[in-house]
Amino acid sequence: MTDVTQETAAGFDALKGLGTEAAETIVREPKIDALGRSYSTGKRKNAIARVWVKRGTGKITVNGKDVADYFARPVLQMMVAQPLNVADRATQYDVVCTVTGSGLSGQAGAIRHGLSHALTHYEPELRKVLKPHGFLTRDSRVVERKKYGRAKARRSFQFSKR
């Protein structure tokens, strides 16, 4: 009887290492164009941001303006720079992006999403740093559409007894 338990234990031990080898074999290579830039698209609400990252001094340009001029609120400026700060690369990369659609908050979220992806294309090992913070996940929440017979998406018209 002891021989059977030893054989099954050995069989299970042989299966333990199967899943770990497949996870370790994924090797990502940098995606850098001829000009030394890495590109990615970021989305949030109805905003779409096209982001280019290259080696530089840490300057962020949005639609031809400095990030401080385009986003007046410090919260939005901080939101755009979050991936660089988390990865400790705030002074190593220049970021050039064009963004359209939605409002300023959605645009800042789209730039953050695109910047995170562009950084992982430039330095694939940064994925381990950015993924736990949720910067690589597209926030899919969008405005709910207005329904007929309603004032807004869910709000009813004011009830009148008479």
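Please read these numbers as outputs of a predicted model, since none were measured by experiment.

## Considering the pattern of salt bridges
So, point 1. Under the criterion given, the structure shown has six salt bridges.
So, point 2. With a closest N to O distance of 3.5 Å, Asp139 and Arg44 form a salt bridge. Of the two residues, Asp139 sits in the segment after helix 6 (127–130) while Arg44 sits in strand 1 (residues 37–44), which places them 95 residues apart along the sequence.
So, point 3. In this structure, Glu144 engages Arg154 in a salt bridge whose closest nitrogen and oxygen atoms are separated by 3.1 Å. With a gap of 10 residues between them, Glu144 in the segment after helix 6 and Arg154 in the segment after helix 6 connect regions that are remote in the sequence.
So, point 4. By relative accessible area, Arg154 is classed as exposed at 63%.
So, point 5. Salt bridges sharing common partners tie together Arg44, Asp139 and Arg141.

## Brief notes about the pairing of strand 1
So, point 1. In strand 1, alternate side chains face the same way, and those of Ser38, Ser40, Gly42 and Arg44 are buried while those of Arg37, Tyr39, Thr41 and Lys43 on the opposite face are not.
So, point 2. Both strand 1 and strand 2 (residues 47–55) contribute to a ladder of eight bridges, which runs antiparallel. Residue pairing in the sheet places Ser40 in a bridge with Val51 of strand 2.
So, point 3. With antiparallel pairing between neighbouring strands as the criterion, strand 1 and strand 2 make up a hairpin whose turn holds two residues, including Lys45 at a positive phi of roughly 50 degrees.

## Some remarks on the nonpolar core
So, point 1. Formed by 30 residues in total, the largest nonpolar core has its most connected members in Val51, Val53, Ile60, Val62, Phe71, Ile111 and Leu119.
So, point 2. When residues of this core are traced back to their parent elements, those giving at least two are strand 2, strand 3 (60–62), helix 3 (67–70), helix 4 (74–86), strand 5 (93–100) and helix 5 (104–122).
So, point 3. Counting residues per element, this core draws most heavily on helix 5, which supplies seven residues.

## Considering the environment of His121
So, point 1. Turning to its location among the elements, His121 is positioned in helix 5.
So, point 2. Sequence separation between His121 and Arg37 is 84 residues; the distance between their C-alpha atoms is 9.5 Å.
So, point 3. Setting aside residues no more than four positions away along its own chain, His121 makes contact with Glu29, Pro30, Lys31, Ser38, Tyr39 and Ser40.

The rules behind the values
- Per-chain numbering applies: the sequence of each chain, read as written, is numbered from 1 onward.
- Thresholds applied to this predicted model are a pLDDT of at least 70 for local features of residues and 80 or more for the giving and counting of side-chain atom pairs; totals over whole chains, interfaces and linings are not thresholded and use all residues.
- The side-chain numbers reported here are obtained from all heavy atoms of the structure, hydrogens and water having been left aside.
- Should a side-chain nitrogen of Lys or Arg be within 4 Å of a carboxyl oxygen of Asp or Glu, the pair is scored as a salt bridge.
- Labels follow the DSSP assignment, with helices taken as runs of H or I lasting at least four residues and strands as runs of E lasting at least two, numbered in each case from the N terminus.
- Buried means the residue's accessible area, taken with a 1.4 Å probe over protein chains only, is under 20% of the maximum for its type, while exposed means over 50%, and partly exposed covers the values in between.
- Note on pairing: two strands pair once DSSP finds at least 2 bridges between them.
- Nonpolar core, defined: a set of buried Ala, Val, Leu, Ile, Met, Phe, Trp, Tyr and Cys residues in which side-chain atoms within 4.5 Å join the residues together.
- Throughout, a residue-residue contact means that at least one pair of heavy atoms, one from each residue, lies within 4.5 Å.

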